[in-house]
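Topology and contacts: notes
Listed below are the residues making up each chain.
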Amino acid sequence: MDVRRLGRVPYEQAWSLQNRVADERRAGLVPDTLILLEHPHTYTIGRSGTRDHVFLNEEELAERGITCLDVDRGGDVTYHGPGQLVGYPILDLGPKPEVGFYLRNLEGCLIDVLADFGMTAGRLSGYTGVWIGDRKIAAIGIKVSQGVTTHGFALNVSTDLSLFTHILACGIPDKGVTSMGLELGAPPSMTAVEDAVIARFSERFVLPGTPAAHVA
């Protein structure tokens with residue numbers, strides 16, 4: 001698997017990169033790829049979302065330096081920004097992809113990563129993502145086209161959680177958000193979290209295009 005650690009990248013630039021790598025993956029020109037990065041302040045609205053779930057108008061967004069984009073992943077509105085580790089797996093899941101299985105393995109990977117830092121996280125019935133109680137610490141929204149995945153996960157490490165107050169995060173009115181820094185008292189380094197994600201991801205996605213045969 002090819003791992004690309006890119007630092008901070010504007011959302012639209014990273015989206016273009018994802019699509020290019022996905023095309024190359026379908027053509028067999030590159031192996032399965034995991035892209036890890038951060039974004040500047042960005043709100044994205046997924047396929048099931050609505051602009052009504054962003055509570056700032058265009059002028060207010062500009063004043064705060066926040067980009068707002070409609071994107072082609074699943075899910076509703078979410079925030080991306082500094083201190084949040086975003087992962088874009090570009091994987092070939094084969095001609096009959098088991099999307100639910102893939103999502104559960106993404107969740108499981110992040111649950112394992114958080115356990116590496118002494119944190120107990122899990123799934124919440126009826127919702128995608130990774131949770132600590134009723135507070136989401138990692139959002140997941142994906143797209144699968146011709147068997148190849150794009151988009152992925154966003155794990156709050158040292159994220160400024162006040163940026164979530166300007167949206168109806170993931171379209172969920174009665175749940176909160178949290179971060180590793182908030183839960184631990186101080187955030188681990190982004191490099192350490194990236195290292196843990198790479199290690200845990202490799203355990204679950206062992207063979208090219210084939211998720212590991214367990215979900216936990």
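Use the structure listed above.
Below is a summary of the structure that appears in this document. (Residues numbered from 1 in each chain as written. Predicted model: local features only at pLDDT ≥ 70, side-chain atom pairs only at ≥ 80, totals over all residues. Heavy atoms only, no water.)

Here we come to the packing of aromatic side chains. A complete count under the given rule lists six aromatic pairs for this structure. When the centroid spacing of 6.1 Å and the interplanar angle of 65° are considered together, the rings of Y11 and W15 count as edge-to-face. Taken together, the residues Y11 and W15, both in helix α1 (residues 11–26) and four residues apart, mark about one turn of the helix. Exposure class is identical for Y11 and W15. Each is buried. (Phe/Tyr/Trp six-rings, centres within 6.5 Å; stacked < 30°, edge-to-face > 60°. Helix = DSSP H or I, 4+ residues; strand = E, 2+ residues; numbered from the N terminus. Buried < 20%, exposed > 50% of the residue type's maximum accessible area, 1.4 Å probe, protein only.)

The buried fraction of strand β6 (residues 84–90) amounts to seven of the seven residues, a majority that puts the element mostly inside the structure. Across five bridges, strand β2 (residues 33–38) lies against β6 in antiparallel orientation. Residue I35 lies in a different strand from β6, and its bridge partner there is Y88. Taken together, the four bridges between β6 and strand β9 (residues 148–156) define a ladder with antiparallel strand orientation. Across the sheet, L85 pairs through a bridge with L155, a residue of β9. (Pairing = 2+ DSSP bridges.)

Here we come to empty space enclosed by the protein. In total, this model carries two cavities of 30 Å³ or more according to the counting rule given. Of the voids in this model, the largest cavity is the one considered here, and its volume is about 60 Å³. Surrounding the largest cavity, 13 residues form its lining, T78, K136, A139, N156 and F164 being those nearest its centre. Of all elements in the fold, only β5 (77–80), β8 (135–145) and β9 reach the threshold of two or more residues within the lining of the largest cavity. By residue number, the principal contributor to the lining of the largest cavity is β8, which donates four residues. The residue inventory of the lining of the largest cavity, partitioned by class, reads nine nonpolar, three polar and one charged. (1 Å grid on protein atoms, 1.4 Å probe; cavity = no way out; pocket = protein on both sides within 12 Å on 5 of 7 lines; lining within 4 Å. Points joined across faces, edges and corners; volume = space filled by probe spheres on them. Nonpolar A, V, L, I, M, F, W, Y, C, P; charged D, E, K, R; others polar.)

Quick look at helix α5 (residues 190–204) now. Between its first and last C-alpha atoms α5 spans 21 Å; for 15 residues at 1.5 Å apiece the expected length is 21 Å, and the two agree. Buried within α5 we find M190, V193, E194, A196, V197, I198, F201 and R204. The inward-facing, buried residues of α5 contact β1 (2–8), β2, β6, α3 (99–116), β9 and α4 (180–184). (Expected span 1.5 Å × (residues − 1). Contact = heavy atoms within 4.5 Å.)

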